[in-house]
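Structural description and commentary
As a plain string of letters, each chain reads:
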Amino acid sequence: MIRRLAAFVKSPIARWIVGVTLVMCALLIWRPTFCEFFELKLYDLKFRFRGALPAGQQVAIVAIDDDSLKTVGRWPWSRENMARMLTRLKQAGPRVIALDIIFAEKEQTASYQAIKNLSDGLARRGVSPEILKILEVEKNRADVDRLLAKVLKQGPPTILGFFFRSLGGKTRGVDADKLMGASFLRASTYNVVRLLDTKPSQVPLVGAAGIERNLPEITEAGAGDGYFNMIPDPDGTVRWFPMAVMYGGEFFAPMALVTLSHAAERAPMAITLSRWGVDEVRLGPHTVPVDRYGRMLINYLGPEGSIPTYSASDVMNGTLPPEALKDKIVIVGATAVGIYDLRVTPFSGTFPGVEVQATIMDNLLRGNFIRTPPFGLIFMLLVLVALAVMLGMVLPRFSAAWAFIFTLIIIEAYVGLNYYLFTRQGLQLELFYPLGLIVLVYLGVTMQRFLAEERERERIRKTFESYVAPAVVQEMLKHPEQLRLGGERREITVLFTDIRGFTTMSENLDPEALVKLLHDFLNPMSNIIINQGGTIDKYMGDAIMALFGAPLMQTDHPRLACRAALEMVGSLAALNQTWAEQGRPPLKVGVGVNTGPVAVGNMGSDRLFDYTAIGDNVNLASRLEGLNKYYGTSILISDTTAIALEGGFILRDVDLVRVKGKLQGVRIHELLGEGEPDPELARFLELHHRALALYRDKHFHECQSVFAQALELHPEDATCQRYLTLAQKHHETPPAHDWEAVTIMDGK
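The shown structure was predicted, so the numbers you read here are calculated from the model rather than taken from an experiment.

Considering the overall build of the chain
Looking only at helices and strands, the chain has 26 helices and 26 strands in total. Burial analysis of the chain (748 residues in total) assigns 48% to the buried set. Considering only contacts within the chain whose residues lie at least 6 apart along the sequence, 76% involve residues at least 24 apart. Of the roughly 37,400 Å² of accessible surface on the chain, a fraction of 57% belongs to carbon and sulfur atoms.

Structure (structure tokens):
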């Protein structure tokens, strides 16, 4: 056991698993953008599969929607319209109102400006103080900011929103007390701040470069203030919400937390910090789960409209359902598309920002949080190591199929457990990094197994290629189940080639010279066949039998066989020139090519068998090779091969032959080349075919003159000479009336 374990530890599989585990752990710690992108998208998918959840009944939204813009006018609304809407809203009896709106600039109406100009002009002319006092009263009445502030002071309490500029940066040299005032700080920062063994400047908290607040008189009228900034992830989706922002040495609380603090009768907001970051955020006795940067995962309830939402136009028109907002926490904000306060969330790409704030309030009120495990990074590192150890121990013991099945089971089990913890326990665990480790370990083990098998296949291939053609070896390796007796019926092209007069030549050569001659002939001929995609079935002394279309399927096997035949004849002509310089005798070959269905496969005995082809069409190819010496040709092909070529080759119709073992005549053709014939050859072929047609129609006298014309172009052509002799004979002694232009070959 120990020996096998030691061998495994030293194996390439173990090294791969250790390497993958280290890489995935490094990526988990480093969290590069491309990895986080996949992790975040998988996180979003969990929301999509979970679906919508019911919202609580304590939070409601008053939306400045498209209907409100049609009723009141374009955004931003005047302070008078806002004051009118808030007055009606407060009459509905909510517990607390939060405004996801900022009033950062003073609004001056035309009436206010006219009274101010009149007052200033009269003051310069020395008008009595009584008149100026009356004008001052009227100017104050025309100040819509003062009007809005007056409405805000009325109960129930109203929480104002503000935002930080360049959130995420660091603040330097800012005195918050002088910049913003003590009352604003009391209304917008944490009541209790605990620092554990650290200084505020050392806390890894979200910072800001600036602040955008409401007008001072509006700020003084609000019951509290809180920021409504959101920080999207790199892909633009809002998943986290910062529960604390450090600015000017102070720790500011978000609008959602400030609002709930007032709803709970000013429950204290507390934050505890250490050198590692934020340890804890509390609202009264309740703890808010945050990470070390003070961020809370938002548990979205569903798509837009999951939180009860009412139109601001219904509030202003008095058509709001009775008791709709009674004793509820109401947040006012814009949802109209043209206002552009829209966010990307796991459920939607156009989610209203005000509903994100309402969702955070709902999470805080009901404790419906998404948590990460304590010491989350260490926990996930242990998960990765445990998965790697389990896979490393199990996968190498399984076959390829069972390893794949086991890997799928592990993936499904982890995804299922992850989804269960997310939906039932509100626990967020990473998906991408563990799944990436599982897949990479499986691929590595599979690759190592494949390489080992490939090395074994290569050893077998090199061994068998000493005995059979490489294509046959490849087929054996691809389909080892075919290494048995039997075969299949398939249409292929069979090629036979043989040296003319080899028996006589061998009698005049010593054995060494004969072997050298055969080698010098068979070696280039074999290479030509293999290069054209053929398989050498066997050597029979000076003869070669080759298959095209088996064992490998080839759609153009007739063309490949014919090209091989032409190249063999051409190559032999070049060899003869070289051999002539060496004093060797020249060689002549005959090639026979036939296409048709044959039986191909492993044939022989149980102990010894060979991949070959048998059947009438194999015999016909052999007969065609032997007919070359009768017709004085080099390459003869059958009619089925000629038809399968579908043009592109130069063919001459030679004869109708009834070979031994055949009852029907077979049309045979001489293969002369590929492409288009030159003019002289084209003229010769035209004369030959015209003369042959006359011969077959028993016009023996007429065909003699045409064959004679053909011989003038090619005087040495044996086929034309043969037909000319036969025509003269039949002209002198006419054949019987049932005569057919068929040559009967009784020999082989």
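Some details on the nonpolar core
In this structure, Phe164, Tyr190, Met243, Phe252, Leu257 and Leu364 are the most contacted members of the largest nonpolar core, which totals 68 residues. Those residues within four positions of Leu257 in sequence are excluded, and the remaining contacts are Tyr190, Met243, Met269, Val281, Leu283 and Leu364. By size, the runner-up hydrophobic cluster in this structure holds 35 residues, among which are Leu514, Ile528, Ile544 and Val593.

Remarks on the sheet that holds strand S11 (residues 277–283)
As summarised here, the arrangement of the 4 strands in space is S4-S10-S11-S12, forming an open sheet in which the pairing is mixed. The sheet terminates laterally at strand S4 (192–195) and strand S12 (286–288), the two strands that pair on one side only. Put simply, the sheet's adjacent strands are angled 20 degrees from each other on average, direction ignored. In this sheet, S12 lies alongside S11 in antiparallel orientation, the contact comprising 3 bridges.

Structural notes on helix H15 (residues 376–394)
Taking 1.5 Å per residue, 19 residues should reach 27 Å; H15 reaches 27 Å between its end C-alpha atoms and fits that length. When H15 is considered as a whole, its buried residues turn out to be Met380, Leu381, Val383, Leu384, Leu387, Ala388, Leu391 and Gly392. Along the long axis of H15, the arc covered by the buried residues comes to 155 degrees, so they all point the same way. The exposed residues of H15 that point more than 90 degrees off its buried face are Ile378, Leu382 and Met393.

With respect to the pattern of salt bridges
Applying the stated criterion across every chain, the model contains 27 salt bridges. Across the salt bridge formed by Glu217 and Lys106, the nearest N and O atoms sit 3.3 Å from each other. Taken as a pair, Glu217 in helix H11 (residues 216–221) and Lys106 in the loop between strand S2 (96–99) and helix H6 (110–124) lie far apart in primary sequence, 111 residues in all. Exposure remark for Glu217: the relative accessible area of 28% places this residue in the partly exposed category. The closest approach of N and O atoms between Arg652 and Glu670, which form a salt bridge, is 2.6 Å. Highlighted residues: Arg652 in strand S24 (residues 649–658) and Glu670 in strand S25 (residues 666–674), separated in sequence by 18 residues. Each member of the pair, Arg652 as well as Glu670, is classed as buried.

Some thoughts on unusual backbone geometry
One can expect most non-glycine residues to show negative phi and most peptide bonds to be in trans. Residue Pro76 is reached from Trp75 by a cis peptide bond, and omega for that bond is 0 degrees. Along the chain, Pro76 falls in the loop between helix H4 (66–72) and helix H5 (79–91). Here Gly155 and Pro156 are connected by a cis peptide whose omega angle stands at -5 degrees. Within the fold, Pro156 resides in the loop between helix H8 (144–153) and strand S3 (158–165). Phi is positive for Ser166, close to 55 degrees, though the residue is something other than glycine. Tracing the chain through its elements places Ser166 in the loop between S3 and helix H9 (176–180).

A closer look at the environment of Glu680
For Glu680, the location among the structural elements is in helix H24 (residues 679–696). When residues no more than four places from it in sequence are discounted, the contact partners of Glu680 are Leu713 and His714.

What to know about the packing of H5 against H8
Between two packed helices, both the angle of their axes relative to each other and the distance between the axes serve to describe the pair. The interhelical angle for the contact between H5 and H8, taken along N-to-C directions, is 15 degrees, at an axis separation of 9 Å. The angle between H5 and H8 places the two elements in the roughly parallel class. Considering how the two elements wind past one another, H5 and H8 form a crossing that is left-handed. For the pair H5 and H8, the contacting residues are Arg79, Glu80, Met82, Ala83, Leu86, Thr87 and Lys90 in the first and Val144, Asp145, Leu147, Leu148, Val151 and Leu152 in the second. In the contact of H5 with H8, the residues fall into 8 nonpolar, 1 polar and 4 charged.

Some points on the side chain of His688
Summarising the element assignment, His688 is placed in helix H24. With sequence-adjacent residues up to four places away left out, His688 is seen in contact with Arg652, Asp653, Phe707, Ala710, Thr719 and Cys720.

Regarding the confidence of the model for the chain
Summing up the model confidence of the chain, the mean pLDDT is 87 and the portion of residues at 70 or higher is 87%. Mean pLDDT across the elements of the chain ranges from a minimum in helix H1 (residues 2–9), with 54, to a maximum in S2, with 97.

Digging into the environment of Gly426
Here Gly426 shows up in the loop between helix H16 (400–424) and helix H17 (432–464). Note on Gly426: relative accessible area 10%, which makes it buried. With 54 residues separating them along the chain, Gly426 and Thr372 place their C-alpha atoms 8.5 Å apart. In contact with Gly426, other than residues within four places in its own chain, are Phe369, Ile370, Arg371 and Leu421.

Focus: the packing of H24 against helix H26 (residues 718–732)
Direction vectors running N to C along H24 and H26 enclose 30 degrees, while the axes themselves pass 11 Å from each other. On the basis of their axis angle, the class for H24 and H26 is roughly parallel. For the pair H24 and H26, the crossing hand works out as left-handed. Across the interface between the two elements, Phe684, His688, Leu692 and Tyr695 from H24 touch Thr719, Cys720, Tyr723, Leu726, Ala727 and His730 from H26. Considered class by class, the residues forming the contact of H24 with H26 number 7 nonpolar, 3 polar and no charged.

Here's the deal with H26
Taking 1.5 Å of rise per residue, the 15 residues of H26 would be expected to cover 21 Å, and the 21 Å separating its terminal C-alpha atoms lies within 8% of that figure. When H26 is considered as a whole, its buried residues turn out to be Thr719, Cys720, Arg722, Tyr723, Leu724, Ala727 and His730.

Points about a nonpolar patch on the surface
The grouping of Phe398, Trp402, Phe404, Ile405, Leu408 and Ile409 at the surface amounts to a nonpolar patch, some 570 Å² of accessible area in total. Mapped onto the elements of the fold, Ile405 is located in helix H16. The class of Ile405 is partly exposed, set by a relative accessible area of 36%.

Considerations on the packing of aromatic side chains
How two aromatic rings sit relative to each other is set out by the distance from centre to centre and by the angle between their planes. Within the structure shown, the criterion is met by 28 aromatic pairs. Seen from their ring centres, Phe432 and Tyr433 are 5.3 Å apart, and the 80 degrees between their planes marks the pair as edge-to-face. With respect to burial, Phe432 and Tyr433 carry one shared label: buried. Ring geometry for Tyr630 against Tyr631: centres 4.9 Å apart, planes inclined by 85 degrees, an arrangement best described as edge-to-face. One aromatic cluster is present, formed by Phe162, Phe164, Phe184, Tyr227, Phe241, Tyr247 and Phe252 through successive ring pairs. Lying over the aromatic face of Phe184, Arg213 brings its terminal NZ or CZ to 4.7 Å of the ring centre. Across from the ring centre of Trp240, 4.2 Å away, lies the NZ or CZ of Arg295, which sits over that ring.

Quick look at the pairing of S3
Of all 8 residues that make up S3, 6 are buried, and the element is covered over most of its length. Where S2 lies against S3, 2 bridges are found, and the strand directions are parallel. Bridge pairing links Ala98 to Ile159 in S3. Pairing between S3 and strand S6 (residues 224–227): 4 bridges, direction parallel. Looking at the pairing, Gly161 lines up with Gly226 of S6. Examined bridge by bridge, S3 and strand S5 (residues 210–212) share 3 bridges and lie antiparallel to one another. Bridge assignment links Phe163 to a residue of S5, and that residue is Glu212.

Rules used throughout
- Residues numbered from 1 in each chain as written.
- Predicted model: local features only at pLDDT ≥ 70, side-chain atom pairs only at ≥ 80, totals over all residues.
- Heavy atoms only, no water.
- Helix = DSSP H or I, 4+ residues; strand = E, 2+ residues; numbered from the N terminus.
- Buried < 20%, exposed > 50% of the residue type's maximum accessible area, 1.4 Å probe, protein only.
- Contact = heavy atoms within 4.5 Å.
- Areas by Shrake-Rupley, 256 points an atom, 1.4 Å probe, with all protein chains shown as cover.
- Core = buried A, V, L, I, M, F, W, Y, C linked by side-chain atoms within 4.5 Å.
- Pairing = 2+ DSSP bridges.
- Axes fitted to C-alpha atoms, helices over the stretch in contact; angles between N-to-C directions.
- Expected span 1.5 Å × (residues − 1).
- Arc of directions from axis to C-beta.
- Salt bridge = Lys/Arg side-chain N within 4 Å of Asp/Glu carboxyl O.
- Parallel < 35°, antiparallel > 145°, perpendicular 65-115°, else oblique.
- Left-handed = near helix turned anticlockwise from the far one by under 90°.
- Nonpolar A, V, L, I, M, F, W, Y, C, P; charged D, E, K, R; others polar.
- pLDDT = per-residue confidence, 0-100.
- Patch = residues over 30% accessible without salt bridge, like charges linked within 9 Å, V, L, I, M, F, W, Y side chains within 5 Å.
- Phe/Tyr/Trp six-rings, centres within 6.5 Å; stacked < 30°, edge-to-face > 60°.
- Lys NZ or Arg CZ within 6 Å of the ring centre and 35° of its normal.

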